[in-house]
Amino acid sequence: SGIWVEGGDITISTTGTVTVGGGGTGGALALHNGRKLNMSGGTLALTGNPLAGRQFADLNTTSGSIKIDGTPVYRALLTLPGTNTSTVVSAVSAPTSGYGISSKNPNSSGQLCFLLPAGSQTVTLTAGGNTYTGTVNVTTDNGATATLTKGSTAPTITVTRHPQ
């Protein structure tokens, strides 16, 4: 189970813990249609496949903390050059676990909102058939930003059988 949001933002302002778990299609917390998570206190504890919305969603964390499977994580805004709202992120290959992504589509500026542990983190993902990679220094103030570098388009391999 989890929380699915399509028609409004989520606001968390508490001194306690809000626990959301799930590993299904929507993940633990699915923010759709450009919605926001506004957090001004408490702890949001995510488990499973966290933050797997469709269209760009943002995380506005002014206070409080977010944990994924017990590990503290922080907001990082990553830019994928040459992408837009119709580009789909089809895979994240690094990090392999312990992260959250707020949506499968960047915003009109090519930005995606990630949740990552503090420190230097390498991110590699596939979007629109292209590989993007880069390193972001994730800070505990939720203000980290980085631009990923676009690699090559995934090669297409055609196998033909020659008559003998």
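Keep in mind that what you see is a predicted model, and the values were worked out from it rather than measured.

Asker: Which parts of the structure should I look at to understand the environment of glycine 151?
Answerer: Along the chain, the position of glycine 151 falls in strand E14 (residues 149-153). Judged by relative accessible area, glycine 151 falls into the partly exposed class, the value being 37%. The spatial distance from the C-alpha of glycine 151 to the C-alpha of threonine 126 is 9.5 Å, given a sequence separation of 25 residues. With sequence-adjacent residues up to four places away left out, glycine 151 is seen in contact with Asn130 and Thr131.

Asker: Looking at this structure, I do not really get the environment of asparagine 107. What am I missing?
Answerer: Examined against the element boundaries, asparagine 107 turns out to sit in the loop between strand E9 (100-101) and strand E10 (111-116). A sequence separation of 27 residues divides asparagine 107 from leucine 80, and the C-alpha atoms of the two residues are 9.9 Å apart. Polar side-chain contacts of asparagine 107 include one of 2.9 Å to the backbone nitrogen of glutamine 111.

Asker: Explain the side chain of threonine 43 to me, please; I cannot follow it from the model alone.
Answerer: Assignment of secondary structure puts threonine 43 in strand E5 (residues 36-48). A polar contact of 3.1 Å, which involves the side chain of threonine 43, links it to the side chain of serine 65.

Asker: Looking at this structure, how should I read the nonpolar core?
Answerer: Where a protein is soluble and globular, its nonpolar side chains tend to be buried together. If you look at the biggest cluster of nonpolar residues, it comprises 18 residues, and the most contacted ones within it are Leu78, Phe114, Val123, Leu125 and Val136. Put simply, the parts of the chain that give this core at least two residues each are strand E7 (71-79), E10, strand E11 (119-127), strand E12 (130-138) and strand E13 (144-147). If we skip the residues at most four places from it in the chain, valine 136 touches Ala76, Leu78, Leu116, Gly119, Ser120, Gln121, Val123, Ala144, Thr145 and Ala146. Counting residues in hydrophobic clusters, the runner-up holds 11 residues, among them Leu37, Leu44, Leu46 and Leu77.

About the cut-offs
Counting starts from 1 at the beginning of each chain's written sequence and moves along it residue by residue. Only residues with pLDDT of at least 70 are given local features in this predicted model, and only at 80 or more are side-chain atom pairs given and counted; all residues enter the totals for whole chains, interfaces and linings. In computing side-chain values, all of the structure's heavy atoms are included and hydrogens and water are not. Strands are runs of DSSP state E lasting at least 2 residues, helices are runs of H or I lasting at least 4, and numbering of each runs from the N terminus. Note on exposure labels: buried denotes an accessible area under 20% of the residue type's maximum, exposed denotes more than 50%, and partly exposed covers the range between, all computed with a 1.4 Å probe on protein chains only. It only takes one pair of heavy atoms within 4.5 Å for two residues to be counted as in contact. Pairs of N or O atoms within 3.5 Å make up the polar contacts considered here, provided that, within protein, one atom can donate a hydrogen while the other can accept it, and that residues adjacent in sequence are counted only when both atoms are side-chain atoms. Think of a nonpolar core as a cluster: buried Ala, Val, Leu, Ile, Met, Phe, Trp, Tyr and Cys residues, connected wherever their side-chain atoms sit within 4.5 Å.

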